[in-house]
Amino acid sequence: QVQLVESGGGLVQAGGSLRLSCAASGRTFSTYVMGWFRQAPGKEREFVAGITKSGGSTRYANSVKGRFTISRDNAKNTVYLEMNSLKPEDTAVYYCAVDQQRTFVVLTTFGEYEYWGQGTQVTVSS
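Okay, so let's go over this structure.

Focus on the overall build of the chain
Of regular secondary structure, the chain possesses 0 helices and 11 strands. Going from the N terminus to the C terminus, the chain shows its helices and strands as β-β-β-β-β-β-β-β-β-β-β. Relative to the 2.2 N^0.38 estimate, which gives 14 Å for 126 residues, the radius of gyration of the chain is 13 Å and therefore close to what a compact globule would have. Based on the C-alpha atoms only, the size of the chain along its principal axes is roughly 40 × 25 × 25 Å. Buried residues in the chain amount to 44% of all 126 residues. If you take every contact in the chain between residues at least 6 apart in sequence, the share linking residues at least 24 apart comes to 60%. Of the roughly 6300 Å² of accessible surface on the chain, 46% is carried by carbon and sulfur atoms. Across the chain, the centroid of the 13 positively charged side chains sits 4 Å from that of the 10 negatively charged ones.

Following this line, the structure appears as structure tokens:
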């Protein structure tokens, strides 16, 4: 069982920045692929970014590439999502998730992730 707690969401103006954090329980955090997803009202949950267990490889949705950066600190059992140049279309609930089955490949399908946090709201005003 893995518990995930996201934080760092809030209200920001377009062009601004936010840093999301996701703290994970458990002693095997360093063996997981971690992902960030988001879900806007009336839309399906979509992949945002993912990172392999050592942080050596990352993957991003085209919509956030060049603006968002995912990173992890395995000593702190925490994964981060640095979001810059935010746009109103980035408004959503952001979730972090764990893929226990893979270590070196980041998948973009939410069904491949076994554990999820409760989410944190990000609202970008125009």
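What about the sheet that holds strand β3 (residues 18-24)?
Judged by pairing direction, the sheet is antiparallel, and its 4 strands sit side by side in the order β1-β3-β8-β7 without closing on themselves. Edge positions in the open sheet fall to β1 (4-7) and β7 (68-73), since each of these has one partner strand only. Strand-to-strand twist in this sheet, taken as the mean axis angle between neighbours without regard to direction, amounts to 15°. As defined by bridge partners, β3 adjoins strand β8 (residues 78-83) across 6 bridges and the pair is classed as antiparallel. The residue bridging L20 from the neighbouring strand is L81, located in β8.

So, the pattern of salt bridges
On inspection of all chains with the given rule, the structure shows 6 salt bridges. The closest approach of N and O atoms between E82 and R19, which form a salt bridge, is 3.8 Å. With E82 in strand β8 and R19 in strand β3, the pair connects residues that are 63 residues apart, well separated along the chain. Residue E82 is classed as partly exposed on the basis of its relative accessible area of 28%. By relative accessible area, R19 is classed as partly exposed at 47%. Notably, a salt bridge pairs E112 with R102, separated by 2.9 Å at the nearest N-O pair. With a gap of 10 residues between them, E112 in the loop between β9 (92-99) and β10 (115-116) and R102 in the loop between β9 and β10 connect regions that are remote in the sequence. The exposure class of R102 is partly exposed, given its relative accessible area of 22%.

The rules behind the values
Residues numbered from 1 in each chain as written. Predicted model: local features only at pLDDT ≥ 70, side-chain atom pairs only at ≥ 80, totals over all residues. Heavy atoms only, no water. Helix = DSSP H or I, 4+ residues; strand = E, 2+ residues; numbered from the N terminus. Rg over C-alpha atoms; globule rule 2.2 N^0.38 Å. Buried < 20%, exposed > 50% of the residue type's maximum accessible area, 1.4 Å probe, protein only. Contact = heavy atoms within 4.5 Å. Areas by Shrake-Rupley, 256 points an atom, 1.4 Å probe, with all protein chains shown as cover. Lys, Arg positive; Asp, Glu negative; His and termini not counted. Charge placed at Lys NZ, Arg CZ, Asp CG, Glu CD. Pairing = 2+ DSSP bridges. Axes fitted to C-alpha atoms, helices over the stretch in contact; angles between N-to-C directions. Salt bridge = Lys/Arg side-chain N within 4 Å of Asp/Glu carboxyl O.

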